[in-house]
Amino acid sequence: MLVPGFTGGQLDRADHVRHDAEALAALRGDWRARLLKLDNFEPELTADGTLAWTSLADAPEEAELVLLGLGEGGRPHFAAYVPGMRTPPGRSLRLFGMLDQFAPGEAATYAAARSVLDWHSRHGFCANCGAPTTIIRAGWARKCGGCSAEHFPRVDPVVIMLAEHDGRALLGRGKGWPQGRYSALAGFVEPGESIEEAVAREIFEEAGVRVSGVRYVASQPWPFPSSLMMACVAVAEDDALKIDPNELDDAIWVSREDVRTVMAGGEGPFLAAPPYAIAHTLLTEWAKG
């Protein structure tokens, strides 16, 4: 079974509690309740790669509590949304350094917390009428005080894919990437489009390659800010490239042997994506044949 980065969370999301004010109040009053320690949107990690937690007593007075879920023995776990929180642009060097250190399953809890807190930071007003919204359902929805519309956290569907031809895979290089870094092509699924159609469109738009036979491999939540990455492989009609310079700096075809070498830590024609990225999972699986 594949376990891409940011998956494998251990908390029970306890949806039934989100609708039960009395049960939610009981969880907030549970002396065992834990609060995720965050520096704005960045986590604190212990030496063994687990998330650091504190008690609800440390929540700022103005904070709204978001129920992340129930742990072992029904122990409640919360994150605090503080009005006025804003996600910093990009990812700090500190956070980059942490992403390889998470113990299994811990990154999934952080991904959920970061994504939902970021959503709250950007949805203080109703998209329907413009009136202020307030948190409901244990932090997993907002309600408009003007028109009573309810708003729920959303994820953006993204396809990330390899085109394969004659035993080789197509990799692209984004603008501003580290020297030598190449990865799977990716793009957002557009309205009225299936996963398979999005894969074919994105590969053609970015690299000028026609594909068919799209097959799904795995998916991954990506909390920067809130995407669902759906990894696929497709069969290319030919290997002629016509790169869109607005999308890519470069694109190359790489052999399975090259990919195996690079994924094993050896030198090759590209630098691989880090293990927590689903591009790493996708290339590893493709290299197995």
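How each quantity is defined
- Residues numbered from 1 in each chain as written.
- Predicted model: local features only at pLDDT ≥ 70, side-chain atom pairs only at ≥ 80, totals over all residues.
- Heavy atoms only, no water.
- Helix = DSSP H or I, 4+ residues; strand = E, 2+ residues; numbered from the N terminus.
- Rg over C-alpha atoms; globule rule 2.2 N^0.38 Å.
- Buried < 20%, exposed > 50% of the residue type's maximum accessible area, 1.4 Å probe, protein only.
- Contact = heavy atoms within 4.5 Å.
- 1 Å grid on protein atoms, 1.4 Å probe; cavity = no way out; pocket = protein on both sides within 12 Å on 5 of 7 lines; lining within 4 Å.
- Points joined across faces, edges and corners; volume = space filled by probe spheres on them.
- Nonpolar A, V, L, I, M, F, W, Y, C, P; charged D, E, K, R; others polar.
- Pairing = 2+ DSSP bridges.
- Axes fitted to C-alpha atoms, helices over the stretch in contact; angles between N-to-C directions.
- Salt bridge = Lys/Arg side-chain N within 4 Å of Asp/Glu carboxyl O.

Let's shift gears to the overall build of the chain. Per the secondary structure count, the chain includes seven helices and 15 strands. Taken against the 2.2 N^0.38 rule, which gives 19 Å for 289 residues, the C-alpha radius of gyration of the chain at 21 Å falls within 12% of a compact globule. Looking at the 289 residues of the chain, the share that counts as buried comes to 46%. The contacts in the chain between residues at least 6 apart in sequence include a share of 62% that link residues at least 24 apart.

The next thing to look at is the layout of surface pockets. Of the volumes computed, that of the largest pocket is approximately 890 Å³. Around the largest pocket sit 31 residues that line it, and Arg91, Trp177, Ser183, Trp222 and Met229 are the ones nearest its centre. By volume, the second largest pocket amounts to about 440 Å³. Arg13, Ala108, Ala111, Ala112 and Trp140 are the residues nearest the centre of the second largest pocket, which is lined by 23 residues in total. Sort the elements by how many residues they give to the lining of the second largest pocket and helix H4 (residues 106-122) lands first, with six residues. Within the lining of the second largest pocket, the residues separate by chemical class into 13 nonpolar, eight polar and two charged.

Locating Gly213 in the fold gives a position in strand E13 (residues 211-222). Once the C-alpha coordinates of Gly213 and Arg28 are considered, the two residues, 185 residues apart in sequence, prove to be 50 Å apart. Ignoring sequence-local partners within four residues, the contact set of Gly213 consists of Val233, Ala234 and Val235.

With that settled, consider the sheet that holds strand E5 (residues 64-70). Read across the open sheet, the four strands follow the order E4-E1-E6-E5; overall the sheet is mixed. Looking at strand neighbours, the two that pair on one side only are strand E4 (53-54) and E5, the edges of this open sheet. Sheet analysis places strand E1 (residues 34-36) next to strand E6 (residues 76-81), joined by two bridges and oriented parallel. Looking at E6, one finds that Leu35 is bridged to Phe78. Contacting E1, E4, E5 and E6, H4 crosses the sheet at an angle of about 35° to E6.

Turning our eyes to something else, we now look at the sheet that holds strand E9 (residues 150-151). Here we have three strands laid out as an open sheet, ordered E7-E8-E9, and antiparallel in their pairing. Two strands bound the open sheet, and with one partner strand each, they are strand E7 (133-136) and E9. For strand E8 (residues 141-144) and E9, the ladder comprises two bridges, and the chain directions are antiparallel. Across the sheet, residue Arg142 finds its bridge partner in E9, namely His151.

Before going further, it helps to examine the pattern of salt bridges. Going through the model one piece at a time under the given rule, you end up with 16 salt bridges. Note that Arg201 and Glu193 form a salt bridge whose closest N and O atoms lie 2.6 Å from each other. Among the residues examined, Arg201 registers a relative accessible area of 16% and is labelled buried. A network of salt bridges, in which partner residues are shared, links Glu190, Glu193, Arg201, Glu202 and Glu205.

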